Amino acid sequence: DVKVTQSSRYLVKRTGEKVFLECVQDMDHENMFWYRQDPGLGLRLIYFSYDVKMKEKGDIPEGYSVSREKKERFSLILESASTNQTSMYLCASSSAGQGFYGYTFGSGTRLTVV
Amino acid sequence: GQQLNQSPQSMFIQEGEDVSMNCTSSSIFNTWLWYKQEPGEGPVLLIALYKAGELTSNGRLTAQFGITRKDSFLNISASIPSDVGIYFCAGQGVYGGATNKLIFGTGTLLAVQP
């Protein structure tokens, strides 16, 4: 069964901490994405990557960075966590070019910053 | 960032009722997708549509790719309690390119009372 795996389902961090959210996919997908989901705001794209070491800003990149050193792994980094980054974070992956069948999402990480 | 107009925002229905929701865009799309997100989980793909006018079913779910390529519809027949969740539409634009980036709707929250 193909999968996108996010390392933590729930995280609680303190304001100012550096936070790493990890995502691994086993489908050999070129593209990987990080979204945050807040009530009433839908899915908002933070960053995406279309190849190893490549990244592009999404709609709300401020306060976040990403790393993609291997094709299967895409990490989201909160350099200095703040309470307004409390949210549900979703990772997704997809194939590139022909044969596009949508995104496969992970189960999400619910992050609380206190 | 761009989001699709999805309606209704929420629906509270009785078990056994039929449900309809739709999504509209100001630009044309090559692909329309419908996802369901259950509480505490990531979105899961329900139906993918690749051609204008296409009508596709998945069990009690039926979705259509609008003729204008600017809208899509999802119908759920004879709803049951496990249909509860948030339903998202997503579209891939004509110029999606190799990244196959999707644009998401704002979601429809469905609650089903037994």
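Refer to the preceding data block for the structure.
These numbers come from a predicted model, not from an experiment.

What about the side chain of Ser79(B)?
Residues and elements named next belong to chain B.
Item 1. Within the fold, Ser 79 resides in the loop between strand 8 (71-76) and strand 9 (85-93).
Item 2. Judged by relative accessible area, Ser 79 falls into the buried class, the value being 1%.
Item 3. Sequence-distant contacts of Ser 79, defined by excluding residues within four places in its chain, comprise Ile 13, Gln 14, Glu 15, Gly 16, Glu 17, Arg 60 and Val 112.

Some details on the environment of Gly66(B)
Residue and element names in this part refer to chain B.
Item 1. Position of Gly 66 among the secondary structure elements: in the loop between strand 7 (61-65) and strand 8.
Item 2. Gly 66 gets classed as buried once you look at its relative accessible area, which sits at 4%.
Item 3. Sequence-wise, Gly 66 and Ile 28 are 38 residues apart; in three dimensions their C-alpha atoms are separated by 9.9 Å.
Item 4. Setting aside anything within four residues of it in sequence, one finds Gly 66 in contact with Ala 52, Gly 53, Asp 71 and Ser 72.

Observations regarding the sheet that holds strand 1 (residues 5-7) of chain B
Remark on secondary structure: sheet strands pair via backbone hydrogen bonds, oriented parallel or antiparallel.
Residues and elements named next belong to chain B.
Item 1. Strand order in the open sheet formed by five strands is 1-3-8-7-6, with antiparallel pairing between adjacent strands. One side of each edge strand has no neighbouring strand; the edge strands of this open sheet are strand 1 and strand 6 (55-58). Neighbouring strand axes in the sheet, compared pairwise and without regard to direction, differ in orientation by 15 degrees on average.

Details of the pairing of strand 3 (residues 19-25) of chain A
Regular strands place their side chains on alternate faces of the sheet.
All names here are of chain A.
Item 1. Where burial is concerned, the two faces of strand 3 differ: the one with Val 19, Leu 21, Cys 23 and Gln 25 is buried and the one with Phe 20, Glu 22 and Val 24 is not.
Item 2. As paired elements, strand 1 (residues 4-6) and strand 3 share three bridges and run antiparallel to each other. If you follow Thr 5 over to strand 3, its bridge partner there is Val 24.
Item 3. Sheet topology note: the strand 3/strand 8 (residues 73-78) ladder contains six bridges and is antiparallel. Across the sheet, the residue bridging to Leu 21 is Leu 76, located in strand 8.

Rules behind the numbers
- Residues numbered from 1 in each chain as written.
- Chains lettered and ligands numbered in written order.
- Predicted model: local features only at pLDDT ≥ 70, side-chain atom pairs only at ≥ 80, totals over all residues.
- Heavy atoms only, no water.
- Helix = DSSP H or I, 4+ residues; strand = E, 2+ residues; numbered from the N terminus.
- Buried < 20%, exposed > 50% of the residue type's maximum accessible area, 1.4 Å probe, protein only.
- Contact = heavy atoms within 4.5 Å.
- Pairing = 2+ DSSP bridges.
- Axes fitted to C-alpha atoms, helices over the stretch in contact; angles between N-to-C directions.

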